[in-house]
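Structural overview
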Amino acid sequence: MISATVHTTIGNIGHLLVIVSFVASIIAAFAYGKASLNNEIGNTDWIKFGRASFWTHGLAVLGTAVTLFLIIYNNYFEYHYAWSHASKDLPVHYMIACFWEGQEGSFLIWSVWNALLGFILIKTNKKWEAPVMTVFALVQAFLASMILGVVIGDLKIGSSPFLLLRDVMNEPVFLVNPNYVPEDGTGLNPLLQNYWMVIHPPMTFLGFACTLIPFSFCIAGLWRKDFKDWIRPALPWTIFGGVILGTAIVMGAYWAYETLNFGGYWNWDPVENAVYVPWLVLIASMHTMIIFKKNHTALKTSIVLVIATFILILYATFLVRSGILGNTSVHSFTDLGLSGQLLIYLLFFLVASIAIAARVWSQLPTSDKEASAYSREFWIFIGALVLCLMAFQVLVPTSFPVFNAIVEFFGGVSSLAPPANQVEFYSQWQVWFGIGIALLSGTGQFFFWKKMDKEKLKSAMTFPVLISLVISALIFVLEDIYNPVYIVVLVAGVYSVVSNLKIMLDLVRSGSYKLTGGSIAHIGIAMMLVGIMFSEGYSRIISKNTTIISRNFTEEQNTNNVVLFLNDPKPMGGYSLLYKSEGLKAEGIPGYVKKSWLDNTENSHYKITRADIVVDGTTYAQKGDTLYFRTPENTYHEIEYTSLNSGKKFTLFPRTQVNDEMGQTIVSPDIKKQWNRDLYTYVALQSDFDDENTVWSEKDIHTIRPGERFFINDYVAVFQGLERLPRVNYLTMGPNDAAVKANIEVFVEEGEKLYLEPKFIIKDKNVGRPPEVNQEIASRVTLENINPEDGSIELGIETTQKDWIILQAIEKPQINILWIGTIVMIIGFIVATRRRYIEFAKMRDKGMA
Amino acid sequence: MKKSSIIGLVVIAIAVAIIISTAGDASSYVTFDEAYAMAANGKAESIHVVGELKKAPNGQVVGVQPSEDMLSVEFILVDDNQKEQTVYLNQPMPSDLLKSDKVVVIGGYKNDMFIADKVLLKCPSKYEETSL
């Protein structure tokens with residue numbers, strides 16, 4: 001047992017900072033609220049006070065974050081948060097990821113973004129500062145309360161990340177030694193040890209934080225009865241939030257695609273849906289705000305959508321963090337007992353914003369004139385409606401667990417389960433909405449000039465329609481597309497790209513680069529639609545074959561997998577596949593080290609090599625060296641693909657991960673990227689020779705003299721001699737104990753060698769013969785006996801079925817169009833954000849905002 | 001009729017259609033007997049049954065039988081009413097099947113046999129452990 005210093009000061013500082021940030025945010029809300037209610041003359045002092053309080057709050061939040069990071073960075077495992085989320089084996093970038101692995105840290109990063117955005121708003125706004133910051137400070141008070149960690153009687157408010165392990169756990173070790181500090185933490189979940197974990201969560205929370213800005217402006221406008229002006233400062237932030245949240249969603253999708261094995265980038269998991277829904281509504285609100293700026297209609301719709309976006313973000317937070325999703329999601333957080341608090345948070349802002357809007361609803365200016373069907377605004381409005389319906393369709397089934405909970409709360413019984421085939425269920429609706437969006441975004445652009453009629457429209461549209469039909473026809477022929485829905489998707493997508501491209505070129509020609517954001521973003525969206533259609537609609541399992549699934553079934557069934565035996569090539573989908581080895585990733589050595597070359601030690605991170613490790617002529621390690629493995633739970637399977645047509649070869653390394661933290665084996669694909677498709681390969685199941693299902697042959701005993709050649713499972717082997725061992729792993733040797741190993745060299749495929757070292761151990765007059773298992777040659781050998789007179793040994797040899805893996809390979813055509821489309825969309829959004837911000841800044845400097 | 005009223009009606013119609021379609025496609029958690037009855041009524045797919053693997057008195061899982069070519073597996077599931085049912089899964093054995101606490105099978109009865117298209121495993125996770 002190790003006694004170390006328990007660093008209590010840093011935790012106390014952290015906790016104090018959380019309390020300061022909480023109190024300061026309430027004071028800021030009060031002061032800014034007073035300032036909003038006072039007239040022009042009376043409010044300067046309140047504004048100054050509010051500003052100082054918010055700065056205090058924000059700096060305290062930043063300080064909290066720094067403190068928590070220092071606890072993780074310095075491996076202070078006396079803290080529960082560091083112990084349960086970090087470990088010594090992590091590089092710095094994963095220490096950053098540890099920060100938001102837990103709920104408390106992710107609330108904190110959200111709060112940090114809000115604070116930073118708050119600082120920017122204080123700097124950039126004049127007239128709106130007081131009411132907007134009132135809302136901001138209130139939201140921050142709620143967020144700070146989530147990590148407050150204060151207990152009043154039976155009431156627990158928030159879960160502090162600064163709790164000491166000994167205060168959280170009821171372990172006897174702390175009674176004996178209250179200063180006990182665990183040597184290592186339990187670490188960041190290996191599945192999350194991925195660069196996306198470093199960048200995706202903060203991006204998502206920045207997106208969340210951005211939705212607060214338009215919401216605050218909207219509430220401020222309604223509160224101050226300044227119904228129109230709030231839109232101008234809010235709009236650039238809405239667009240900015242749209243690009244951040246949209247990018248975060250696609251990043252999550254890409255992460256899922258390349259690491260998690262959903263078989264695709266989007267699985268309609270409730271956690272994915274929970275963010276997709278508010279993003280769609282946010283995009284809808286962005287469009288209605290643009291309409292309002294143009295012709296002062298759609299104000300009420302904008303207000304409803306802006307509020308809905310923020311409430312849906314809170315709802316998403318509630319879904320993901322309250323544990324209510326339970327079995328329906330692969331990646332929800334564990335419940336921290338904050339569900340009640342989250343529910344209050346959600347309901348407070350829901351009720352408050354409805355009340356504030358209802359109070360002034362009848363006074364809101366409306367326009368009686370009907371928008372003409374030939375106006376741009378009319379079609380943008382229809383587009384916004386389609387986006388809302390799109391969101392509604394996803395929201396309803398995602399809310400099933402909430403529905404079940406509500407029914408049960410009132411004593412009823414409800415056991416609605418999500419649709420069994422989620423992908424098909426959602427896609428059948430979303431694809432038509434997607435087509436609608438593509439057509440509208442293509443057509444809406446032609447109404448750029450206000451005075452449009454049937455004739456002008458016809459002449460403007462003829463050219464793009466013709467071009468897109470020609471392009472689509474070419475693609476049909478080249479790609480053999482016969483599914484009618486996909487044909488419609490393709491035509492709509494190409495049409496949107498062509499018409500938006502035309503508008504964009506017209507704008508560029510007239511020098512209006514600043515205005516091209518919308519058309520660029522629409523091109524990106526349409527490309528994404530086409531990319532999704534190809535990669536999902538024409539996703540093809542190329543490892544298909546037929547088999548009889550059970551003795552009880554006589555008919556053949558299709559199966560999507562193939563079995564590959566080690567070193568035994570098998571044809572599949574135009575390739576010959578060869579499973580060559582299993583490897584581990586050693587620190588400082590390129591590629592992978594063969595598992596059969598490595599000996600385990602007490603610490604799974606350190607293994608001893610049985611052969612020299614040479615890569616491309618450089619020797620990285622010599623026989624007997626100890627190598628360091630940062631992630632020993634990951635096994636990489638080397639699979640060589642040889643094209644049957646061209647003879648070209650490439651190698652993929654799909655991964656399997658024994659994830660103790662999740663109690664599961666996680667498989668991750670390896671992806672061969674080609675310009676027109678991805679070849680996605682993963683190992684569904686691997687043989688495990690320690691498994692009780694492994695059937696071994698009867699033990700064959702051979703007597704072998706040093707230097708003699710013999711066979712193990714049809715491989716030639718040589719007994720090199722015996723070697724005395726000074727020590728054996730896991731054992732302490734006494735003076736009368738002894739251990740010997742037999743060095744056996746086996747010649748395997750491609751002139752390679754592997755080494756078997758069965759041991760014979762005498763300990764306390766008992767004999768131990770630990771078997772030596774080798775997957776590569778599917779054998780288990782034991783050193784049964786040693787004959788000291790001639791140095792010969794008796795070797796027990798058992799064999800089994802060769803090492804195998806079950807593999808699935810999927811082709812995803814044209815997936816690059818999706819990723820390129822995403823980048824184009826992001827560029828469009830950025831151009832649009834800049835334009836709207838400049839508009840706002842000009843008006844502000846004229847004293848109008 | 002005003003254009004906005006027409007648009008409103010269309011939106012409401014689509015929303016209603018969404019709700020109806022969702023209600024129609026939603027599945028629910030049932031027992032094997034209920035699933036069997038549903039198959040008799042023509043619904044033989046996408047039924048969720050929750051259960052545990054059959055265990056011998058010593059806690060050992062029994063009845064898990066991978067096929068010869070290992071590409072599929074059959075196992076015995078005991079549902080909440082203690083009914084035992086052999087389930088056929090046309091997929092390689094999920095690697096953590098034997099370790100799982102609870103198993104959700106999604107599929108339906110065909111010719112008196114339960115064929116699962118998908119299984120979901122609830123595994124004991126160390127993540128939630130609160131001991132050192």
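Computed from a predicted model, the values in this text were never measured in an experiment. Numbers given to residues run from 1 along each chain, matching the order in which its sequence is written. Chain labels run from A onward and ligand labels from 1 onward, assigned in the order the entries are written. Two thresholds apply to this predicted model, a pLDDT of at least 70 for residue-level local features and 80 or more for giving and counting side-chain atom pairs, whereas whole-chain, interface and lining totals are computed over all residues.

What follows covers the overall build of chain B. Every helix listed is a DSSP run of H or I at least four residues long, and every strand listed is a run of E at least two residues long, numbered separately from the N terminus. Of the regular secondary structure elements, chain B holds two helices and seven strands. Put simply, chain B runs from its N terminus to its C terminus through helices and strands in the order α-β-α-β-β-β-β-β-β. With C-alpha atoms as the basis for the radius of gyration, the globule rule is written as 2.2 Å multiplied by the number of residues raised to the power 0.38. The C-alpha radius of gyration of chain B comes to 21 Å, more than 25% above the 14 Å expected for a compact globule of 132 residues. Taking the principal axes of its C-alpha atoms as reference, chain B extends roughly 75 × 50 × 30 Å. Around each residue's C-beta, the other C-beta atoms within 10 Å are counted; 20 or more make the residue buried, 12 or fewer make it exposed, and counts in between make it partly exposed. All C-beta atoms are placed from the backbone. Sorting the 132 residues of chain B into buried and exposed places 27% on the buried side. Here contacts are defined at the residue level, using C-beta atoms placed from the backbone and a cut-off of 7 Å between them. A separation threshold of at least 6 residues defines the contact pool for chain B, and within that pool the share at least 24 residues apart is 48%.

The number of helices and strands found in chain A is 20 helices and 32 strands. Considered along the principal axes of its C-alpha atoms, chain A spans approximately 110 × 75 × 60 Å. Counting only residues that meet the buried cut, chain A has 47% of its 849 residues in that class. For chain A, restricting intrachain contacts to residue pairs at least 6 apart in sequence, the fraction spanning at least 24 positions comes to 68%.

A word on the nonpolar core. All names here are of chain A. One finds Y79, C218, L280 and V281 to be the most contacted residues of the largest nonpolar core, which totals 188 residues. Among the elements that take part in this core, helix α11 (residues 270–295) stands out by supplying 16 residues, more than any other. Filtering out sequence-adjacent residues up to four positions away, V281 remains in contact with L305, A308, T309, L312, C388 and A391. Counting 43 residues, the second-largest nonpolar core is a separate cluster that includes Y579, L652, Y680 and Y682. The term nonpolar core means buried Ala, Val, Leu, Ile, Met, Phe, Trp, Tyr and Cys residues held together as one set by C-beta atoms within 7 Å.

Attention now goes to the domain arrangement of chain A. What counts as a domain boundary in this text is fixed by an automatic or database domain assignment. Taken domain by domain, chain A comprises domain 1 (1–193), domain 2 (230–418), domain 3 (441–538 + 814–849), domain 4 (557–687 + 806–810) and domain 5 (700–802). Under the scheme applied here, ten amino acids are nonpolar (Ala, Val, Leu, Ile, Met, Phe, Trp, Tyr, Cys and Pro), four are charged (Asp, Glu, Lys and Arg), and all others, including Gly, are polar. Within the side of domain 2 of chain A that touches domain 4 of chain A, the residues separate by chemical class into no nonpolar, three polar and one charged.

Next up on the list: the packing of helix α2 (residues 44–73) of chain A against helix α6 (residues 129–146) of chain A. All names here are of chain A. For helices, the fitted axis covers only the stretch in contact; all axes are lines through C-alpha atoms, and the angles between them, taken along N-to-C directions, range from 0 to 180 degrees. The contact between α2 and α6 brings their axes to 11 Å, and the two run at 35°. Here α2 runs over α6; the crossing is left-handed. Contacts between α2 and α6 pair I47, G50, F54 and H57 from the former with E129, A130, M133, A137 and Q140 from the latter. A breakdown of the residues in the contact of α2 with α6 according to their chemical character gives five nonpolar, three polar and one charged. Take the far helix as your reference; a near helix turned counterclockwise from it by less than a right angle gives a left-handed crossing, and one turned clockwise gives a right-handed crossing.

This part takes up the sheet that holds strand β29 (residues 772–774) of chain A. All names here are of chain A. Strand order in this open sheet of four strands is β22-β31-β30-β29, and the pairing throughout is antiparallel. Looking at which strands have only one partner, the edges of the open sheet turn out to be β22 (700–704) and β29. Averaged over neighbouring strand pairs, the angle between their axes works out to 25° when direction is ignored. Where β29 lies against strand β30 (residues 779–787), three bridges are found, and the strand directions are antiparallel. Within β30, the position partnered with N774 by the bridge is S779. Only strands joined by at least two bridges in the DSSP assignment are considered to pair.

Now for the environment of P569 of chain A. With respect to the helices and strands, P569 of chain A occurs in the loop between β7 (562–565) and β8 (570–572). Between the C-alpha atoms of P569 of chain A and T642 of chain A, which are 73 residues apart in sequence, the distance is 9.7 Å.

On to helix α16 (residues 422–444) of chain A. For a helix, the expected span equals 1.5 Å multiplied by the residue count minus one. For α16 of chain A, spanning 23 residues, the distance from its first C-alpha to its last is 32 Å, which sits close to the expected 33 Å at 1.5 Å a residue. Buried within α16 of chain A we find F425, Y426, G434, I435, I437, A438, L439, L440, S441, G442, T443 and G444 of chain A. Elements that come into contact with the buried residues of α16 of chain A comprise α14 (376–398), α18 (484–509) and α19 (517–537) of chain A together with α1 (3–25) of chain B.

Residue and element names in this part refer to chain B. Scored from 0 to 100, pLDDT reflects the predictor's confidence in each residue. Confidence in the prediction of chain B, expressed as mean pLDDT, is 81, and 90% of residues score 70 or more. By mean pLDDT, the top-scoring element of chain B is strand β5 (residues 84–89) (90), and the lowest-scoring one is strand β1 (residues 27–30) (76). Scored below 50 in pLDDT, residues 125–130 shows ten contacts in the model against residues more than four places distant or in partner chains. The ipTM assigned to the predicted complex is 0.83, against a pTM of 0.91.

Residues and elements named next belong to chain A. Judged by pairing direction, the sheet is antiparallel, and its three strands sit side by side in the order β11-β12-β15 without closing on themselves. Each edge of the open sheet carries a strand with a single partner, namely β11 (598–600) and β15 (626–628). Along the sheet, successive strands turn relative to each other by an average axial angle of 40°, direction set aside. Taken together, the three bridges between strand β12 (residues 606–609) and β15 define a ladder with antiparallel strand orientation. Paired with Y606 across the bridge in β15 is Y628.

Residues and elements named next belong to chain A. Note on placement: A97 falls in helix α4 (residues 92–99). Taking the C-alpha atoms as reference points, A97 and N194, 97 residues apart in sequence, are found 8.9 Å from one another. Aside from chain neighbours lying at most four places away, what touches A97 is L188, L192, M197 and V198.

On to the packing of α18 of chain A against α19 of chain A. Residues and elements named next belong to chain A. Remark: α18 packs on α19, axes separated minimally by 8 Å, with the N-to-C direction vectors making an angle of 160°. Classified by the angle their axes make, α18 and α19 are roughly antiparallel. Crossing handedness for the pair α18 and α19: left-handed. Residue-level inspection shows Y486, V489, L490, G493, S496, V497, N500, L501, I503 and M504 of α18 in contact with α19, the latter providing S519, I520, H522, I523, A526, M527, L529, V530, M533 and G537. The labels follow the angle: roughly parallel below 35 degrees, roughly antiparallel above 145, roughly perpendicular from 65 to 115, and oblique for the rest.

Another point: the pairing of strand β16 (residues 634–643) of chain A. All names here are of chain A. Pairing of strand β9 (residues 575–584) with β16 involves eight bridges; the strand directions are antiparallel. Across the sheet, L578 pairs through a bridge with E640, a residue of β16. One ladder, built from three bridges, connects β16 with strand β18 (residues 655–659); its direction is antiparallel. Within the sheet, the bridge partner assigned to N634 lies in β18 and is Q657.

What follows is about unusual backbone geometry. Residue and element names in this part refer to chain A. A positive phi angle, close to 55°, is found at N75, a residue other than glycine. Relative to the elements of secondary structure, N75 occurs in the loop between α2 and α3 (80–85). Taking the C-beta count within 10 Å as the criterion, N75 has 19 such neighbours and is therefore assigned partly exposed.

Every α-helical turn comprises 3.6 residues, leaving residues that sit three or four positions apart pointing alike. Over its 18 residues, α6 of chain A runs 26 Å from end to end, which matches the ideal 26 Å to within 8%, given 1.5 Å per residue. Of all 18 residues in α6 of chain A, 18 are buried, a share of seventy percent or more.

It is worth spelling out the environment of V489 of chain A at this point. Residue and element names in this part refer to chain A. Relative to the assigned elements, V489 resides in helix α18. Looking at V489, the number of C-beta atoms within 10 Å reads 24, which means it is buried. In the structure, V489 is positioned 40 residues away from L529 in sequence and 7.6 Å away in space, judged by C-alpha atoms.

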